[in-house]
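Spelled out, the chains give:
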Amino acid sequence: MSEIRPITWNSRSRILTLLDQTLLPSREEYIDYADPEAVAEAISTLVVRGAPAIGCAAAFGLVLASYQYSGTSSKELSAWVIDAADLLADSRPTAVNLTWALERMLGVLEKTGSEETGRIQNALEAEAVAIFNEDIASCAGMGDIGAGLVSDNARIMTYCNAGALATAGYGTALGVIRSAHKMGKVRAVWVCETRPVLQGARLTYWELMKEDIPCTLVTDNMVGSLMSAGDVDLVVVGADRIAANGDVANKIGTYTVAVLAERHNVPFIVAAPLSTIDLSKATGESIPIEERPPGEISGYGGVDWAPKGAKVYNPAFDVTPADLVHAIVTERGIAQAPYSSSLKALFSSGD
Ligand code: MRU
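Summary of the structure given here. Given the structure is predicted, the values throughout are model-derived calculations rather than measurements.

Counting residues in each nonpolar core, the largest one holds 44 residues, and the members touching the most others are Ile7, Leu16 and Ile43. Residue assignment for this core shows that the elements contributing at least two residues are strand E1 (7-10), strand E2 (15-19), helix H1 (36-44), helix H2 (51-68), helix H3 (74-89), helix H4 (96-112) and helix H5 (117-147). For this core, the element with the most residues is H2, which contributes 13 residues. When sequence neighbours within four positions are dropped, the list of residues in contact with Ile43 reads Val48, Ile54, Ala57, Ala58, Leu88, Ser91, Arg92 and Leu98. Counting residues in hydrophobic clusters, the runner-up holds 32 residues, among them Met157, Leu226, Ala239 and Val325.

In structure tokens:
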């Protein structure tokens, strides 16, 4: 486990505490949440971000909603929780972990919905805690599995932040890097800064530095030149949603890295839990891509560098086609092309 705690649930006080990722790395501040509206706002404004982390936060958001209800009608409680689930589901569209976690919670509500309200609330809390604990376990599992793909003395490139901060703990892509580092296999990590919100520079570098994993920060437009110089052995990234055919939606710019990796014969691998795989989407084309506020591109931290009123386009994610992906590492094993059968097989291997 990493010591970084982006999400903490306090069962006694019924408070959700989130590490405010918008302030990192200059300030490490925690905010307490007691209602689902504030949790939805925290998800949209990136206080908590990263696919598995927003799933966990949304699950606890529903627990908070259920505890807000002080009446005795289980029907009213259910309606209350369903309203909160709708609100939370709208907070970010691309990462499927958000709706996956909410659907799991609503499944519990459906099963327990006719019981007395206290029992429903307890069952919802237990499910959110289970989602959280399972995420930590699956990240650790996929970290160890993925480390098997890392050669000795590897120089690994990563993009965005798919670390402890983006999950309940440990991370997906950074989980692979953490595990490989423990095995003594990592010579260097190239951290791409990840415009426009700088998850690489602010968050990934901060995480790796805390654990003394050797890393170097580069701008996103240095990727091609590093690869052509032969300085990158492997790329490992996370994902927000993976379609049934293996197309991968991840932070905007991931596709560019994958194309360059292909050109330079650098293996490009994706680490993600099964909760990120959406078999209901046949290809990446039907994955909704979030558009974020223009201010993220025209400036940063209150400083504007584009002329006032500049027209901005800010899609937060892109889709890397499956044929550029060498392997998808999950907690249940590694999938390779053809993904339409290998991804399905991973789901059935747990039955
Ligand atoms: O906009 P963000 O910061 O939520 O985007 C996060 C990413 O794209 C991550 O790479 C992805 O969620 C994987 S996190 C384990």
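What follows concerns the site of the ligand. Of all residues adjacent to the ligand, which total 17 residues, the nearest are Arg49, Arg92, Asp240, Asn250 and Lys251. Residue Arg92 places a side-chain N or O atom 2.7 Å away from an oxygen atom belonging to the ligand. Contact distances for the ligand include 2.8 Å between an oxygen atom and a side-chain N or O atom of Asp240. Notes on the ligand: free accessible area 410 Å², of which the protein chains cover 99%. Because more than half of its atoms lie within 2 Å of the grid, the ligand is assigned to the largest cavity.

As a working rule, side chains carrying opposite charge can pair if their charged atoms are close by. Counted by the stated rule, this structure contains 13 salt bridges. The partner of Arg104 in a salt bridge is Glu127, with the nearest N and O atoms 2.8 Å apart. Separated by 23 residues along the polypeptide, Arg104 in helix H4 and Glu127 in helix H5 bring together distant segments of the chain. Taking relative accessible area as the criterion, Glu127 reaches 17% and is therefore assigned buried. One salt bridge connects Arg241 with Asp278, and the closest N-O pair in it is separated by 2.7 Å.

About the cut-offs
Residues numbered from 1 in each chain as written. Predicted model: local features only at pLDDT ≥ 70, side-chain atom pairs only at ≥ 80, totals over all residues. Heavy atoms only, no water. Core = buried A, V, L, I, M, F, W, Y, C linked by side-chain atoms within 4.5 Å. Buried < 20%, exposed > 50% of the residue type's maximum accessible area, 1.4 Å probe, protein only. Helix = DSSP H or I, 4+ residues; strand = E, 2+ residues; numbered from the N terminus. Contact = heavy atoms within 4.5 Å. Near = heavy atom within 4 Å. Polar contact = N/O pair within 3.5 Å; in protein donor to acceptor, adjacent residues only side chain to side chain. Areas by Shrake-Rupley, 256 points an atom, 1.4 Å probe, with all protein chains shown as cover. 1 Å grid on protein atoms, 1.4 Å probe; cavity = no way out; pocket = protein on both sides within 12 Å on 5 of 7 lines; lining within 4 Å. Sits in = over half its atoms within 2 Å of the grid points. Salt bridge = Lys/Arg side-chain N within 4 Å of Asp/Glu carboxyl O.

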